[in-house]
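# Fold and contact review
Residue strings, one per chain:
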Amino acid sequence: MVREKDRLVGESPAFLAALDEVSAVAPLEKPVLIVGERGTGKELIAARLHYLSNRWDATFLKMNCAAISDSLLESELFGHEAGSFTGATRAHQGRFERADGGTLFLDELATTSVLVQEKILRVIEYGEFERLGGSKTLRADVRLIAATNEDLPRLADAGKFRRDLLDRLAFDVITLPPLRARSEDIALLAEYFAIDMATELGRDYFPGFAPAAEAQLAAHDWPGNIRELKNVVERAVYRTPEDLPVGEITLDPFDSPFRPEKEASGDGAPAANPGLPLDIKQTVRQLEIDLCNDALANARYNQRKAAELVGLTYHQFRGYLRKYDLGHTGDD
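The residue numbers shown here count from 1 along each chain, following its written sequence. In view of the model being predicted, local features appear only for residues whose pLDDT reaches at least 70, and side-chain atom pairs are presented and counted only at 80 or more, with totals across whole chains, interfaces and linings using the full set of residues. Excluding hydrogens and water, the side-chain values take into account all heavy atoms of the structure.

Okay, the nonpolar core next. For the purposes of this section, nonpolar cores are sets of buried Ala, Val, Leu, Ile, Met, Phe, Trp, Tyr and Cys residues that join through side-chain atoms within 4.5 Å. Exposure categories follow from relative accessible area, calculated using a 1.4 Å probe and restricted to protein chains: below 20% of the type maximum is buried, above 50% is exposed, and the middle band is partly exposed. Membership of the largest hydrophobic core comes to 32 residues, with the highest contact counts inside it found for Leu77, Phe96, Leu106, Ile120 and Leu169. Examining the composition of this core, we find that five residues originate from one element, helix H5 (residues 114–126), more than from any other. Residues Leu189, Phe193, Phe206 and Val232 belong to the second largest nonpolar core, which totals 23 residues. Runs of E in the DSSP output that reach at least two residues are strands. Runs of H or I that reach at least four are helices, and both are numbered from the N terminus.

Take a look at the structure:
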């Protein structure tokens with residue numbers, strides 16, 4: 001069963017609309033696709049679909065497809081016979097076989113190979129499959145719930161996801177709102193996680209959040225969604241004395257003046273994508289300005305030394321200063 005600490009919390013219109021969709025489709029014997037950014041609670045929604053269905057008292061199995069290599073995924077889903085590959089000393093029941101009569105939740109479905117997708121499609125359409133290395137056709141009555149944070153129609157257009165499988169999964173698609181679209185729920189969720197953490201620490205009560213901490217939580221855009229909020233709140237609670245309200249929120253646990261700097265270098269590692277869409281000219285302009293300012297600050301505004309820090313000659317660096325009207329461009 002779903003644990004009390006794993007229950008869904010929220011009262012924003014976008015969240016309640018998603019729950020209404022879940023309640024409507026849960027009783028149907030149809031596959032469901034859950035779409036949402038990382039940390040939005042796709043696994044909890046899958047559990048709700050199962051426990052509101054007629055299969056609520058049967059098996060509910062979960063598997064993250066991205067956590068298993070392609071070579072093992074087929075075996076994990078459909079099972080294998082003894083001797084089907086090196087190390088297969090005995091027959092193994094796959095997830096579809098073990099979930100017979102119940103529900104199977106496959107997270108990160110977009111990471112699966114086309115071959116595995118073809119076999120999943122066959123189970124959905126006919127309820128049939130074979131174990132790896134076997135010749136006997138097995139049957140399983142399984143309701144499939146899948147989840148992804150990818151744009152599956154775009155992947156299908158690119159030939160990276162089977163269109164026929166997508167059509168079967170998309171009987172109904174539940175798209176979960178990110179936390180930034182659920183601003184009304186941030187304080188509610190934060191208090192819920194804080195009380196749970198205080199209980200875990202053996203404290204009698206949770207004194208609440210100071211106004212500055214509440215404002216900081218409300219202002220953050222939460223790219224990691226509910227999972228990020230939970231980590232931030234739990235960290236803040238355990239770092240705060242039990243008789244004081246939480247006043248300090250650390251959003252980035254790696255933030256430190258002693259954090260090792262990434263070496264600029266020759267390892268050929270790709271630069272982080274700043275996020276698309278963007279204005280490339282304005283982005284490059286701002287990057288050059290920031291690098292010049294950082295170099296000047298590190299060189300104590302000695303332009304010759306600053307030029308060396310960014311791999312430019314003195315005259316090239318002065319050209320950038322003139323280009324962007326950055327400070328004094330006279331002689332050092």
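For the rest of this paragraph, the subject is helix H11 (residues 280–298). One turn of the α-helix equals 3.6 residues, which is why residues spaced by three or four share an orientation. The span one expects for a helix is its residue count, reduced by one, times 1.5 Å. Taking 1.5 Å of rise per residue, the 19 residues of H11 would be expected to cover 27 Å, and the 27 Å separating its terminal C-alpha atoms lies within 8% of that figure. The set of residues buried in H11 consists of Ile289, Cys292, Ala295 and Leu296. Looking straight down H11, one finds that the buried residues subtend no more than 135° of arc, so they occupy a single side. Exposed residues lying more than 90 degrees from the buried face of H11 are Ile280 and Asn298. The contact rule is simple, with two residues in contact once any of their heavy atoms fall within 4.5 Å. Those residues of H11 that are buried lie in contact with helix H12 (303–309) and helix H13 (314–323). Side-chain atoms alone can form a polar contact between residues adjacent in sequence; in general such a contact is a pair of N or O atoms within 3.5 Å, and within protein one must be able to donate a hydrogen while the other accepts it. The opening residue of H11, the one whose side-chain oxygen lies 3.2 Å from the backbone nitrogen of Lys281, is Asp279. One or two steps after H11, the chain reaches Arg300, where phi turns positive at roughly 55°. Summarising the geometry, the arc corresponds to the directions from the helix axis toward the C-beta atoms.

Low pLDDT means the predicted atomic positions in that stretch should not be read closely. Per-residue pLDDT for the protein chain averages 89, and the proportion of residues at 70 or more is 92%. Each residue gets a pLDDT score, which is the predictor's confidence in that residue and runs from 0 to 100. When pLDDT is averaged over each helix and strand of the protein chain, the minimum, 86, is found for H13 and the maximum, 98, for strand S1 (residues 32–35).

We now examine the pattern of salt bridges. Where charged atoms of side chains with opposite charge meet at close range, the side chains can pair. Between Lys or Arg on one side and Asp or Glu on the other, a salt bridge is scored when a side-chain nitrogen of the former is within 4 Å of a carboxyl oxygen of the latter. Counted according to the given criterion, the structure contains 18 salt bridges. As a salt-bridge pair, Glu128 and Arg122 come within 3.4 Å of each other at their nearest N and O atoms. Exposure remark for Arg122: the relative accessible area of 28% places this residue in the partly exposed category. The partner of Arg182 in a salt bridge is Asp185, and the shortest N-O contact between them spans 2.9 Å. Neither Arg182 nor Asp185 differs from the other in exposure class; each is buried. Through salt bridges with shared partners, one network takes in Arg122, Glu128, Glu130 and Arg139.

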